[in-house]
Amino acid sequence: MTVFGVNDVESAASNTNRLVVSRRDIVTPLARELARERGVVIEVATNPGTSQTDSNVSTSSRDATSPSEAVKQFRPTSFLEQKPPAYLNPPSPAFYRRGGPLNPAVAPAALSSGTDSGSSSPHPVRGSARVEKVVVVGAGHVGMITALKLAEADAIDEVVLVDINEGLAAGVALDLTHVTSLLGVRTKITGVGSIAAAGRAEYVVITAGRARQPGMTRGDLVTVNAEIVGTLAKDVARTSPDCVVVVVTNPLDEMTHHVWAESGFPPERVLGMAGVLDSARFEALAALSAGVSPTEVSALALGSHGDEMVIPLSLARIGAEPITRRLQASIVDGLVDRARNSGAEVVGLLGTGSAFFAPGASAAKMILAMATDSSETIAATVRADGQYGITGTFVGLPVQLGRKGLRRIVDLPLTETERAQLKIAAEKITARVADLDRTVVRA
């Protein structure tokens with residue numbers, strides 16, 4: 001990685017008037033401003049060390065990365081070529097000068113097209129308006145990481161943390177507010193004691209619930225968390241009847257169904273956060289085994305957020321190669337098992353509490369995918385309506401999200417074995433949901 005500054009731009013201006021960088025390089029904001037003034041074109045090399053560049057990459061035609069989490073695009077094979085989310089390119093905008101203007105020509109397109117020229121924000125937004133408000137229910141570790149990642153993106157006017165312990169919500173919100181100055185973002189962060197106090201929102205993330213303790217399974221949490229989540233779903237429906245809900249509370253598959261049933265929302269506005277997290281876990285673990293960067297691994301985790309997790313290895317890639325060509329079958333099988341049990345592994349190592357960095361970042365990724373009307377394919381828990389031979393069940397599937405929630409379920413060419421595994425996962429989730437529904441009726 002190389003950091004390009006004003007001296008590099010000066011040198012380029014006196015020579016070819018082009019500054020060629022790689023995807024991992026950093027171009028400082030002052031260098032970008034000078035490049036604009038001098039007419040120097042910043043181009044991103046397709047292959048490091050060469051002068052070959054990506055098409056349409058320049059300070060006047062390619063979008064700058066926003067200061068948000070670097071969320072990787074899933075690119076399993078040539079049949080599903082996707083462009084990376086616009087807010088990720090070109091090279092890192094690290095060193096944003098706080099309060100400094102951002103050239104509209106290099107502003108994040110996912111957040112800036114159609115920007116009001118009168119806006120004073122250094123991070124303009126997409127279309128007619130930014131997202132006005134996202135409510136994160138639960139100010140514990142997962143909730144605070146979700147709020148932080150949403151604030152970093154600067155695509156949302158206000159993030160509200162809600163917790164029954166109002167002091168906790170307010171304290172975390174104040175701490176995060178202090179961070180906004182370091183990030184140079186304008187997102188307002190507040191903390192309140194109830195969903196009603198949070199007010200109407202476009203998106204609601206439910207993280208509240210009892211966390212797993214060592215020795216507990218996700219299933220052990222069903223009864224206690226169903227009561228919590230069911231009440232929250234009704235409160236959300238009353239306060240924000242048009243919102244999209246992202247469910248994080250475990251057991252994820254059952255709780256997503258429960259929120260849908262209790263809220264009365266159409267299924268496209270109730271999503272479960274599991275596939276993004278499980279995909280990331282598998283990719284990170286596979287990268288460690290292969291000795292490569294996690295950015296070189298692409299895979300999707302479908303099925304359930306638990307024992308019936310299905311990772312279609314026919315689509316998994318390390319670089320351009322099938323993962324099964326780079327790693328031995330026994331190693332790949334071990335990676336699938338470890339990804340499936342990663343949550344329990346973290347719980348066991350922590351001793352108390354459960355994972356929160358990756359879950360929080362995953363929830364934020366889903367919100368940002370919707371807020372930016374992204375077209376990338378990710379995995380999420382959604383209610384199938386005939387896709388993959390599954391009907392009426394919330395299960396992890398490949399999807400594209402839009403501003404109003406689920407845009408569509410993506411049909412990927414899974415093998416017959418993978419499709420059969422996915423149907424088995426859906427059947428087992430259906431059985432667990434039926435047990436939950438009977439429990440709720442008796443209560």
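Per chain, residue numbering runs from 1 following the sequence as it is written. Where local features are concerned, this predicted model is filtered to residues with pLDDT of at least 70; where side-chain atom pairs are given and counted, the filter is 80 or more; whole-chain, interface and lining totals use all residues. Side-chain descriptors were evaluated using all non-hydrogen atoms of the structure, hydrogens and water having been removed beforehand.

**Some thoughts on the overall build of the protein chain**
For the protein chain, the helix and strand inventory stands at 14 helices and 18 strands. Within the protein chain, contacts between residues at least 6 apart in sequence are counted, and of these 67% link residues at least 24 apart. The way it works is that DSSP assigns letters per residue, a run of H or I at least four long becomes a helix, a run of E at least two long becomes a strand, and they are numbered from the N terminus. By definition in these notes, contact holds between two residues if any of their heavy atoms fall within 4.5 Å.

**A look at the environment of V9**
Within the element layout of this structure, V9 appears in helix α1 (residues 6-13). Sequence separation of V9 and L34 is 25 residues, and the distance between their C-alpha atoms is 7.0 Å. In this structure V9 touches L19, A31, L34, A35 and V40, once residues within four positions along its chain are discounted.

**Considerations on the packing of helix α4 (residues 141-153) against helix α13 (residues 357-371)**
Lines fitted to the C-alpha atoms define the axes, with helices restricted to the stretch that makes contact. Angles between their N-to-C directions range from 0 to 180 degrees. Packing of α4 against α13 leaves a shortest axis separation of 8 Å and a crossing angle of 45 degrees. Viewed along their axes, α4 and α13 adopt a mutual orientation that is oblique. Classified by chirality, the crossing of α13 by α4 is right-handed. Counted together, V142, I145, T146, K149, L150 and A153 of α4 and F357, P359, G360, A361, A363, A364, I367 and L368 of α13 form the full contact between these two elements. Only Asp, Glu, Lys and Arg are considered charged, only Ala, Val, Leu, Ile, Met, Phe, Trp, Tyr, Cys and Pro nonpolar, and every remaining residue, Gly among them, polar. Its residues assigned to classes, the contact of α4 with α13 comprises 11 nonpolar, 2 polar and 1 charged. If an angle is under 35 degrees, it is roughly parallel; if it is over 145, roughly antiparallel; if it lies from 65 to 115, roughly perpendicular; otherwise it is oblique. Each crossing gets its handedness from the near helix: less than a right angle anticlockwise from the far helix is left-handed, clockwise is right-handed.

**Brief notes about the packing of aromatic side chains**
For Phe, Tyr and Trp, rings pair up if their centres lie within 6.5 Å, where Trp contributes its six-membered ring, and each pair is then called stacked (planes under 30 degrees apart), edge-to-face (over 60) or tilted (otherwise). Following the criterion strictly, the structure yields 2 aromatic pairs and no others. Taking the centre distance of 4.6 Å and the plane angle of 35 degrees together, the rings of F356 and F357 count as tilted. For a Lys NZ or an Arg CZ to count as sitting over a ring, it must be within 6 Å of the ring centre and within 35 degrees of the ring normal. Against the face of F265 rests R269, its NZ or CZ located 4.4 Å from the ring centre.

**Notes on the sheet that holds strand β11 (residues 297-298)**
Pairing between strands is defined by DSSP: at least two bridges between them are needed. What the 3 strands build is an open sheet, ordered β11-β14-β15; its pairing is antiparallel. Among the strands making up the open sheet, the edge pair consists of β11 and β15 (321-322). Note that strand β14 (residues 317-318) and β15 share 2 bridges and pair antiparallel. Paired with R317 across the strands is P322, a residue of β15.

**Regarding the pairing of strand β5 (residues 131-137)**
Walk down a regular strand and you will see the side chains alternate between the two sheet faces. The rule is simple: take the accessible area with a 1.4 Å probe, protein chains only, and divide by the maximum for that residue type; under 20% is buried, over 50% is exposed, in between is partly exposed. Burial within β5 is extensive, with 6 of its 7 residues counted as buried. Handedness of the β-α-β unit built from β5, α4 and strand β6 (residues 156-162) comes out right-handed. Orient the strands so they point away from the viewer, and a crossover whose first-strand-to-second-strand path over the helix runs clockwise is right-handed.

**Here's the deal with the pattern of salt bridges**
For this document, the term salt bridge refers to a Lys or Arg side-chain nitrogen within 4 Å of an Asp or Glu carboxyl oxygen. Inspection of every chain in the model, using the stated rule, returns 18 salt bridges. Note that R338 is salt-bridged to E345, the shortest N-O span being 3.0 Å. Note on R338: relative accessible area 41%, which makes it partly exposed. It is possible to trace a salt-bridge network through shared partners that takes in R130, D154 and D157.

**Considerations on unusual backbone geometry**
Residue P251 follows N250 across a cis peptide bond; omega there is -5 degrees. By the secondary structure assignment, P251 is in the loop between β9 (244-247) and α8 (252-263). Even without being a glycine, D373 presents a positive backbone phi close to 55 degrees. Accessibility expressed as a relative area gives 28% for D373, which makes it partly exposed.

**Quick notes on the packing of helix α7 (residues 222-239) against α8**
Interaxial distance between α7 and α8 falls to 8 Å at its minimum, and their mutual angle equals 40 degrees. When the axes of α7 and α8 are compared, the pair comes out oblique. Our pair here, α7 against α8, has a crossing hand that is right-handed. On the side of α7, the interface is formed by V222, N225, A226, V229, G230, A233, K234 and A237, while α8 contributes E254, M255, H258, V259, E262 and S263. When grouped by side-chain class, the residues that make up the contact of α7 with α8 number 7 nonpolar, 4 polar and 3 charged.

**Digging into the nonpolar core**
As a rule of thumb, nonpolar side chains are buried together in soluble globular proteins. Among buried residues, the Ala, Val, Leu, Ile, Met, Phe, Trp, Tyr and Cys ones that are joined through side-chain atoms within 4.5 Å form a nonpolar core. Ranked by size, the top nonpolar core spans 58 residues in total, and within it V134, L150, L161, M366, I367 and L401 carry the most contacts. Residue contributions to this core peak at 8 residues, all from α13. If near-sequence neighbours (up to four positions away) are discounted, M366 is found in contact with V246, L271, G272, M273, V276, I378, A380 and L401. Grouped together as the second largest cluster of nonpolar side chains are 30 residues, A201, A208, A237 and C243 included.

**Details of the confidence of the model for the protein chain**
Here the protein chain averages 82 in pLDDT, and 77% of its residues register 70 or above. Along the chain, pLDDT gives the predictor's confidence residue by residue, from 0 to 100. pLDDT under 50 marks residues 48-128. Its contacts with residues more than four places away, or in other chains, come to 199 contacts.

**A word on the environment of D337**
Following the sequence through the fold, D337 ends up in helix α11 (residues 329-340). For the pair formed by D337 and D307, sequence separation is 30 residues and the distance between their alpha carbons is 8.9 Å.

**Some points on α7**
Residues separated by three or four positions in an α-helix point in the same direction, a consequence of the helix having 3.6 residues per turn. Look at α7: 25 Å from first C-alpha to last across 18 residues, which is about the 26 Å you get at 1.5 Å a residue. Restricting attention to buried positions, one finds in α7 the residues V222, N225, A226, V229, G230, L232, A233, V236, A237 and T239. Take the residue count of a helix, subtract one, and multiply by 1.5 Å to get its expected span.

**Remarks on the pairing of β6**
With respect to burial, β6 is a largely interior element, 6 of its 7 residues being buried. In this structure, β5 lies alongside β6, joined through 6 bridges in parallel fashion. Residue pairing for β6: V137 is matched across the bridge by V162. Pairing of β6 with strand β7 (residues 188-192) involves 5 bridges; the strand directions are parallel. The residue of β7 that forms the bridge with V160 is T190. Chirality of the crossover, the property in question, places the unit of β6, helix α5 (residues 166-183) and β7 among those that are right-handed.

**Things to note about the side chain of D278**
Structurally, the position occupied by D278 is in helix α9 (residues 275-290). Polar contacts here mean pairs of N or O atoms no more than 3.5 Å apart (in protein, one a potential hydrogen donor and the other a potential acceptor; neighbouring residues in sequence count only if both atoms are side-chain atoms). For D278, the side chain forms a polar contact with the side chain of H305, separated by 2.8 Å. Every residue in contact with D278, bar those within four places of it in the chain, is listed here: A301, S304, H305 and M309.

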